[in-house]
Protein chains: 2
Amino acid sequence: MGSGVSWVIRTMPAAVPLSQRILDAAEAVLRRHGLEKTNVVDIARSLGMSHGNIYRHFPSKQALLDAVAVRWLHAVSDPLEGIADDRARPATERLRAWFDALRRAKRRKVRDDPELFQVYHGIVVAMRDVVDEHVNTLLGQVERMVADGVAAGEFSRGLDAAASARAFLQAMSAFHHPALVMQDPPATEEDARAVFGLMLAGLRAGPA
Amino acid sequence: MGSGVSWVIRTMPAAVPLSQRILDAAEAVLRRHGLEKTNVVDIARSLGMSHGNIYRHFPSKQALLDAVAVRWLHAVSDPLEGIADDRARPATERLRAWFDALRRAKRRKVRDDPELFQVYHGIVVAMRDVVDEHVNTLLGQVERMVADGVAAGEFSRGLDAAASARAFLQAMSAFHHPALVMQDPPATEEDARAVFGLMLAGLRAGPA
DNA sequence: AAAATGACAAAAAACATAAAATGTCATTTG
DNA sequence: CAAATGACATTTTATGTTTTTTGTCATTTT
């Protein structure tokens with residue numbers, strides 16, 4: 001006869017897939033021991049399984065680490081989606097809130113979790129495409145806000161939304177690019193506001 | 001009686017000071033062998049002297065390398081001085097030419113001389129104050145141009161020249177900050193122009 | 001038969017040791 | 001006597017060796 005426990009698991013909402021639990025465990029070990037001292041055996045042990053089994057879910061240690069970073073990137077960009085697409089608010093306000101949220105998220109992560117930030121940064125260097133996708137996600141969000149702003153007459157008629165979004169993100173890179181966010185002392189709140197203000201004035205006034 | 005050569009040297013315009021010739025030699029070795037494989041003995045040998053003698057002119061290898069980097073930074077900022085202070089041209093034009101020159105200088109150096117760029121970049125991380133001074137030099141140049149532009153009515157009356165200069169440089173960091181200039185693929189000409197255009201529009205329009 | 005194991009070869013990291021570079025200084029040279 | 005040397009102690013880097021970690025897979029478990 002099957003045990004009670006096995007029945008519970010079979011009928012419950014899929015429990016938590018093992019691959020996710022592995023990601024959680026990896027993140028925990030990373031946090032505790034740092035990138036350098038993290039190995040697959042420890043991750044497996046923290047789940048009470050043999051390390052060989054990890055490889056049934058991730059093809060390599062690097063793939064596992066990448067997956068951690070990808071999930072981490074989504075934790076940054078997903079909440080921004082809501083701000084970008086809130087058509088009820090004026091584009092200017094959304095843009096400001098969006099950028100604020102992005103900057104806060106990055107800074108908080110650097111401060112609270114330097115170890116995980118290292119993992120992320122390591123992957124930034126190694127895995128171009130993962131980062132490209134993330135940047136494209138952000139770009140799309142900004143572009144939508146700029147387009148809305150142009151349509152609503154908040155920003156200059158002559159603006160190319162895609163190009164302006166690109167310019168906006170680039171100008172703001174001092175405040176969100178990993179290489180610069182990590183630097184010490186970090187850019188100040190005031191600096192960010194000043195740059196944002198200048199960019200906003202530019203969006204309003206449009207091309208010379 | 002003194003030799004002819006010693007007479008020539010005593011009356012000629014100071015010849016080239018040994019400390020400068022050491023810098024030249026160091027730069028040459030750096031270029032040839034790269035930062036990692038550069039050692040003081042080789043530098044001395046290339047000047048036909050013992051390495052001990054180098055230490056009569058520089059207190060340490062690091063100090064010598066720093067001096068190379070400082071000279072290198074001046075090679076970047078000195079020519080910009082002329083552009084920044086050419087009161088005959090409109091501020092807008094000067095700002096554009098200045099930024100263009102800065103960007104070109106940086107990119108050329110990265111491309112033509114990645115080894116020396118590494119030295120520089122190494123020092124950026126290690127020696128905060130040398131870099132701070134360089135940034136302040138650039139900031140001062142931009143500030144002067146912005147102030148002139150405000151005075152001439154090209155830029156908005158409401159602008160704080162110092163704050164705007166800061167914002168300008170920060171917004172442009174994607175195109176001149178070492179950490180980002182080195183990245184591959186490098187930011188494009190077009191991107192730089194787009195950001196510059198937006199900033200310029202902002203300077204003209206002034207604070208919202 | 002799907003999930004997990006554990007023994008194993010291959011790859012990578014840590015370690016101890018050898019070699020080279022840095023920096024000092026008493027001595028030499030012009 | 002200022003400029004330079006070169007022998008030398010100290011620190012840093014390179015090299016070869018051992019140990020750990022990664023990744024595979026035939027076998028076991030549920």
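Calculation rules
Residues numbered from 1 in each chain as written. Chains lettered and ligands numbered in written order. Predicted model: local features only at pLDDT ≥ 70, side-chain atom pairs only at ≥ 80, totals over all residues. Heavy atoms only, no water. Axes fitted to C-alpha atoms, helices over the stretch in contact; angles between N-to-C directions. Helix = DSSP H or I, 4+ residues; strand = E, 2+ residues; numbered from the N terminus. Parallel < 35°, antiparallel > 145°, perpendicular 65-115°, else oblique. Contact = heavy atoms within 4.5 Å. Expected span 1.5 Å × (residues − 1). Bend = angle between axes of the 7 residues up to and from the residue. Buried area = accessible area lost by both parts, 1.4 Å probe. Salt bridge = Lys/Arg side-chain N within 4 Å of Asp/Glu carboxyl O. Polar contact = N/O pair within 3.5 Å; in protein donor to acceptor, adjacent residues only side chain to side chain. Buried < 20%, exposed > 50% of the residue type's maximum accessible area, 1.4 Å probe, protein only.

J.: Teacher, can you tell me more about the packing of helix α2 (residues 18-33) of chain A against helix α5 (residues 61-84) of chain A here?
T.: A pair of packed helices is characterised by two quantities: the angle between their axes and the separation of those axes. Residues and elements named next belong to chain A. Here α2 crosses α5 at 90°, and the two axes come no closer than 10 Å. In terms of their interaxial angle, α2 and α5 are classed as roughly perpendicular. Every residue of α5 that contacts α2 at Gln20, Ile22, Leu23, Asp24, Ala26, Glu27 and Leu30 is listed here: Leu64, Leu65, Ala67, Val68 and Arg71.

J.: Any chance you could explain α5(A) here in plain terms?
T.: Helical geometry note: an α-helix holds 3.6 residues per turn, so side chains three or four residues apart project in the same direction. Residue and element names in this part refer to chain A. For α5, spanning 24 residues, the distance from its first C-alpha to its last is 35 Å, which sits close to the expected 34 Å at 1.5 Å a residue. Its axis deflected by about 25° at alanine 75, α5 carries its strongest bend there, up to four residues before the proline proline 79. Lining the buried residues of α5 we find α2, α3 (40-46), α4 (51-54), α6 (91-112), α7 (114-126) and α8 (128-151).

J.: How do you make sense of the interface of chain A and chain B when you look at a structure like this?
T.: Put simply, an interface is often sized by how much accessible area is lost when its parts join up. Listed as interface residues are 28 residues of chain A and, on the opposing side, 28 residues of chain B. Contact between chain A and chain B buries roughly 2,100 Å² in total, counting both sides, with carbon and sulfur atoms accounting for 63%. Linking chain A with chain B are two salt bridges, by the criterion used here. B:Arg166 is paired through a salt bridge with A:Asp191; the nearest N and O atoms lie 2.8 Å apart. Taken together, chain A and chain B are joined by four residue pairs in polar contact (both at pLDDT 80 or more).

J.: Explanation requested: the pattern of salt bridges in the structure shown.
T.: Pairing is possible between side chains that carry opposite charge, provided their charged atoms lie close to one another. All names here are of chain A. The final tally for this structure, using the stated rule, is 30 salt bridges over all chains. The salt bridge partner of aspartate 42 is arginine 45, with a shortest N-O separation of 2.6 Å. Remark: arginine 45 and aspartate 42 occur in helix α3; sequence separation between them is three residues, near one turn of the helix. Accessibility expressed as a relative area gives 57% for arginine 45, which makes it exposed. With a shortest N-O distance of 2.9 Å, aspartate 85 and arginine 144 are connected by a salt bridge. Within this pair, whereas aspartate 85 is found in the loop between α5 and α6, its partner arginine 144 is found in helix α8, the two being separated by 59 residues in sequence. Each of the salt bridges in this network shares a partner with another, and the network as a whole consists of Asp24, Glu27, Arg31, Arg71 and Asp113.

Coordinates in, geometry out; function isn't part of it.
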